[in-house]
Amino acid sequence: MAHSLRLITYLVPSHPVEMYECIAHFLEEELKVSVTLVYESRDPIDLYGDDRPDPFCLKEVDIGFLSPTQYLKMKRSKQIELLPITPVFVHPKNVEQKPGYFADVIVHTDVGKSVKSFLDLRGCNWGYTGDNSLSSSVTIQKLLRTNGENSSFFGNTIRTGNHLLTVEKVQDKQVIAAAVDSTAFYNYKNVLHKDADDITVLDSVGALPPYAIVCGKYLNRDLKSRIVGALLKATIARSWKVQFERFGLIKFVENSNDAYTELEFNEPLGGNGLSSIYY
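The rules behind these values
- Residues numbered from 1 in each chain as written.
- Predicted model: local features only at pLDDT ≥ 70, side-chain atom pairs only at ≥ 80, totals over all residues.
- Heavy atoms only, no water.
- Core = buried A, V, L, I, M, F, W, Y, C linked by side-chain atoms within 4.5 Å.
- Buried < 20%, exposed > 50% of the residue type's maximum accessible area, 1.4 Å probe, protein only.
- Helix = DSSP H or I, 4+ residues; strand = E, 2+ residues; numbered from the N terminus.
- Pairing = 2+ DSSP bridges.
- Axes fitted to C-alpha atoms, helices over the stretch in contact; angles between N-to-C directions.

> Would you mind showing me how to read the nonpolar core here?
Within soluble globular proteins, side chains that are nonpolar generally end up buried alongside one another. Grouped together as the largest cluster of nonpolar side chains are 74 residues, with contacts concentrated most on Leu 5, Leu 27, Ile 63, Phe 118, Leu 121, Trp 126 and Ile 227. In terms of residue count, helix α1 (residues 17-31) provides more of this core than any other element does, eight residues in total. Counting residues in hydrophobic clusters, the runner-up holds 11 residues, among them Ile 106, Val 170, Ala 178 and Ile 199.

Structure (structure tokens):
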């Protein structure tokens, strides 16, 4: 193998690292290049700055997997560009199999017997991943505003650090309710633990903008094109289709910056967060 490709994901451990290993193995086989994968569990929104350049600036990685808010923050460095491709995941509300994911509002089944809607959660302990999380914080802030509410709606908010820990806190009844990345929740139930029968999805908000797959601007144009072409056909072969579907990944489809326009211009990045919202 004469060439190499270096992948990085910022969506682990909320998403299973095995899913990104599967993508890496697929690209290695399809493109006939050596592919390596690293993951950074810390949020790049807070991690990188003038004193700590991101790995794309240093040309240490070639391809990255980011949340929408992470992408909007990191593209400001002008060292990355969006690859026109994104995964599509299974979800009860995604009957048309479109890109994007959801914020699943979850409660323990014991709570679900008396709580029938989001507004029934007034005064509860609320779990969320972090202030920059689109699914657990930014979207919930917007939902509160839509209903004429503010941070005082919740009795208390607990920041967990990742979606898996959020689900665990709901299971252990350390929080009454939470919102989690729907892909993370699917994989929590079907891949990582398979013991989430005590969790009820109260509602799903979305669809949210799709996950962003980016590349360094220095990456060879022909290689970029080959990567996109390969991913568009990734689930055609039954052997790979089965492997990807294990993680709820149905297919890859085209993506563009238009998918992030509303989020970029209507939602603040790095605001006060759910811990202290002021209106």
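> Sorry, what's going on with the sheet that holds strand β10 (residues 199-208) here?
Picture the strands of a sheet paired through backbone hydrogen bonds; they go either parallel or antiparallel. Spatially, β8-β7-β9-β6-β10 is the arrangement adopted by the five strands of the open sheet, whose pairing is mixed. At either end of the open sheet lies a strand with only one pairing partner, and these are β8 (156-159) and β10. Sheet twist, expressed as the mean angle between neighbouring strand axes with direction ignored, is 20 degrees. With four bridges joining them, strand β7 (residues 125-128) and β8 adopt parallel strand pairing. Residue pairing across strands places Gly 127 opposite Ile 158, the latter belonging to β8.

> Mind showing me how you'd approach the pairing of strand β11 (residues 212-216) here?
Two faces make up the sheet, and in a regular strand the side chains alternate between them. Counted residue by residue, β11 has five buried out of five residues, so it is predominantly covered. Because side chains alternate across β11, one face comprises the buried residues Ala 212, Val 214 and Gly 216, and the other comprises Ile 213 and Cys 215, equally buried. As defined by bridge partners, strand β3 (residues 63-66) adjoins β11 across four bridges and the pair is classed as antiparallel. When the sheet's bridge partners are listed, Leu 66 is paired in β11 with Ala 212. Note: strand β4 (residues 80-82) against β11, three bridges, orientation antiparallel. Residue Ile 80 lies in a different strand from β11, and its bridge partner there is Gly 216.

Geometric values such as these leave the question of function open.
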